[in-house]
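Single-letter residue listing:
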Amino acid sequence: MDEDITLNPENNSDGMLEMQHEEIGLVHDADLYTQQQMQMQSAVGVKCPNCGTMNEPEAVYCASCGYPIGKTACPNCGAELDPDADFCESCRRYIRPDVCSFCGARLSDNDAFCPECGSPRGGIVCPVCHTLNDFSFCKQCGTALTEEARMLVAQIHELPEFKELQQLASDLQQLEQSIPYTSERDVLKDQRNIKLRERVLTLLAEDRGVANPVIADPQNKRLSKEEYDAKKKERLDKIAALLDKMVQAPQPKAAQVRNYAMACRPQGVRLAWECNFKHALHSSPCGCAKPQLGGKWIILGKDVKKVIKDDM
Ligand SMILES: [Zn+2]
Ligand SMILES: [Zn+2]
Ligand SMILES: [Zn+2]
Ligand SMILES: [Zn+2]
Ligand SMILES: [Zn+2]
C-alpha cells in the first residue's frame, strides 16, 4: 500500500493548530502546548471504527489499516459516496473502473475485457431484451449474462430449498389467478349458475329416458374469501421462511452478493431486496451502493410499509 502523504498527522494540521493557539492566547508552556495539541487533534480528527487510529478530518481511508472512514464524490454526478461504494444510487451508474462489475476481479487501465471472467468493461448487451448491463443479470428481464452467472443459477436451482421456494411461488401465482368471491352478488350469480346447470342437465337426462338423474357437483368450485386468504397467507409465510433461510452474509466482493441474490430469486412473486447497508428496499441488489454488506429478498405485500428506493 502506498503511504498517503495527506494522512500524515505532521503534514497539514500544525499550521492550523498554531494559528488557533495564538488566537486563543495560550501561554507558551511546552507541556501545556503538547497537551492542548493532543486535545485539538482528538477533537478534529476521525477515529477509525476498525482499528481505533486517529486520522485527519478529511481522510477517506484509515492511514493505519485502510478502512474507509470518509466520503468521496461520484465521478459521474458528484453525489457524496462512501469510498467503498461501487455504484452511485443518485445517477444509477457503476463507478469503479478498477473492479470488474461482473465478478469483482481487479482491472487495470488498459483491460478491455476482465482477465478473470472475460466480460467486456463496457457492459454486456442482454441477448433476450437488448438492454445494456453492468451486472451479471439483466436488469430488465433477469437473464444470466455471464458463464459464471449461468453456472450459479444451475447450482442454486438444484438446491432443495430453492426448488421448494419456486414451487411455492408458482402455487401462489396460480392461487392469485383464481379469483376469490369479492361480493355478495358474485355468490348469488354462482348459485344461480349452479341451479341452471342442474336444471339443464336434468332435462337432458330425462330426454334420454333417465328418471331422477343424479347431477354431480361442478368441479370448478370457487374458493371463499376466507379460504383464499388462509391459503395465500400459508404460502407467503413459507416463502418468507425460505427466503430467510437463504439470506446472504456479507461478502468481500459486491459482485458475489449481487450474483448470488439474483440467482436465488424465484419467478412469479413480487420481491424487493433489503440491504444491510441502509436497510433500504431495492428492486434488486444491483441498485444498492454497498451490497457487499449482505441483505435478503423480502416479499412485497400489504404489510410492507417501506417504499422501494429504485425502480429499474
Ligand atoms: Zn484503521
Ligand atoms: Zn452519481
Ligand atoms: Zn470479471
Ligand atoms: Zn434482458
Ligand atoms: Zn442498499
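Residues numbered from 1 in each chain as written. Chains lettered and ligands numbered in written order. Predicted model: local features only at pLDDT ≥ 70, side-chain atom pairs only at ≥ 80, totals over all residues. Heavy atoms only, no water.

Next up on the list: helix H7 (residues 254-264). Among the 11 residues of H7, 9 are classified as buried, and the element is accordingly described as predominantly covered. Taken together, the buried positions of H7 are Ala-254, Ala-255, Val-257, Arg-258, Asn-259, Ala-261, Met-262, Ala-263 and Cys-264. Structurally, H7 contributes buried residues whose contacts are with strand E5 (87-88), helix H3 (147-156), helix H4 (160-177), strand E9 (271-275) and strand E11 (295-299). (Buried < 20%, exposed > 50% of the residue type's maximum accessible area, 1.4 Å probe, protein only. Helix = DSSP H or I, 4+ residues; strand = E, 2+ residues; numbered from the N terminus. Contact = heavy atoms within 4.5 Å.)

This part covers the packing of aromatic side chains. With the rule as written, the count across this model stands at 2 aromatic pairs. The interplanar angle of 90° and the centroid separation of 5.7 Å between the aromatic rings of Tyr-94 and Phe-135 together place this pair among those described as edge-to-face. Taken together, the residues span a long stretch of sequence, with Tyr-94 in strand E6 (residues 93-94) and Phe-135 in the loop between strand E8 (132-133) and H3 at a distance of 41 residues. The class of Tyr-94 is buried, set by a relative accessible area of 15%. Owing to a relative accessible area of 7%, Phe-135 belongs among the buried residues under this scheme. (Phe/Tyr/Trp six-rings, centres within 6.5 Å; stacked < 30°, edge-to-face > 60°.)

Scanning all chains against the criterion turns up 13 salt bridges. Across the pair Lys-163 and Glu-158 runs a salt bridge, and its minimum N-O distance is 3.5 Å. On the basis of relative accessible area, Lys-163 is assigned to the partly exposed category, the value being 44%. A residue is classified by how much of its surface remains accessible, and Glu-158, at 53% relative accessible area, is exposed. Several salt bridges converge on common partners, so that one network encompasses Lys-71, Asp-82, Asp-84 and Lys-290. (Salt bridge = Lys/Arg side-chain N within 4 Å of Asp/Glu carboxyl O.)

A few words now on the environment of Ser-178. The residue Ser-178 is located in the loop between H4 and helix H5 (184-207) in this model. Assessed through its relative accessible area of 32%, Ser-178 is described here as partly exposed. Distance from Ser-178 to Leu-223, taken between C-alpha atoms, is 8.1 Å for residues 45 residues apart in sequence. In contact with Ser-178, other than residues within four places in its own chain, are Leu-223 and Tyr-228.

Turning to the side chain of Arg-258, a few remarks are in order. Tracing the backbone shows Arg-258 in helix H7. Under the relative-accessibility criterion, Arg-258 is labelled buried at 2%. Separated by 2.8 Å, the side chains of Arg-258 and Asp-86 make a polar contact. Not counting the four nearest positions on each side in its chain, Arg-258 is found in contact with Asp-86, Phe-87, Phe-135, Pro-285, Cys-286, Cys-288 and Pro-291. (Polar contact = N/O pair within 3.5 Å; in protein donor to acceptor, adjacent residues only side chain to side chain.)

With respect to the element layout, Ala-255 can be found in helix H7. Sequence-wise, Ala-255 and Gln-292 are 37 residues apart; in three dimensions their C-alpha atoms are separated by 7.7 Å. Apart from residues no more than four positions distant in its own chain, Ala-255 is found in contact with Ser-101, Phe-102, Cys-103 and Gly-104.

Here the zinc ion (ligand 4) is held by the protein donor atoms Cys-126 (SG), Cys-129 (SG), Cys-138 (SG) and Cys-141 (SG), which lie 2.2 to 2.3 Å from it. If you look at the zinc ion (ligand 4), its 4 donor atoms make angles of 98 to 119° with each other, and the shape they trace is tetrahedral. Donor residues for the zinc ion (ligand 4) sit on one chain with the sequence pattern C-x2-C-x8-C-x2-C. With Cys-126 in the loop between strand E7 (124-125) and E8 and Cys-138 in the loop between E8 and H3, this residue pair connects regions lying 12 residues apart in the sequence. You can call Cys-126 buried: its relative accessible area is 0%. (Donors = N, O, S within 2.8 Å, 3.2 Å for Na, K, Ca; no water. Tetrahedral: all angles 85-135°; square planar, octahedral: opposite > 155°, others 65-115°.)

Protein ligation of the zinc ion (ligand 3) involves Cys-100 (SG), Cys-103 (SG), Cys-114 (SG) and Cys-117 (SG), the donor distances falling in the range 2.2 to 2.3 Å. Geometry at the zinc ion (ligand 3) is tetrahedral, judged from the 4 donor atoms that bind it and their angles of 106 to 112° at the metal. Under the relative-accessibility criterion, Cys-100 is labelled buried at 3%. The exposure class of Cys-117 is partly exposed, given its relative accessible area of 28%.

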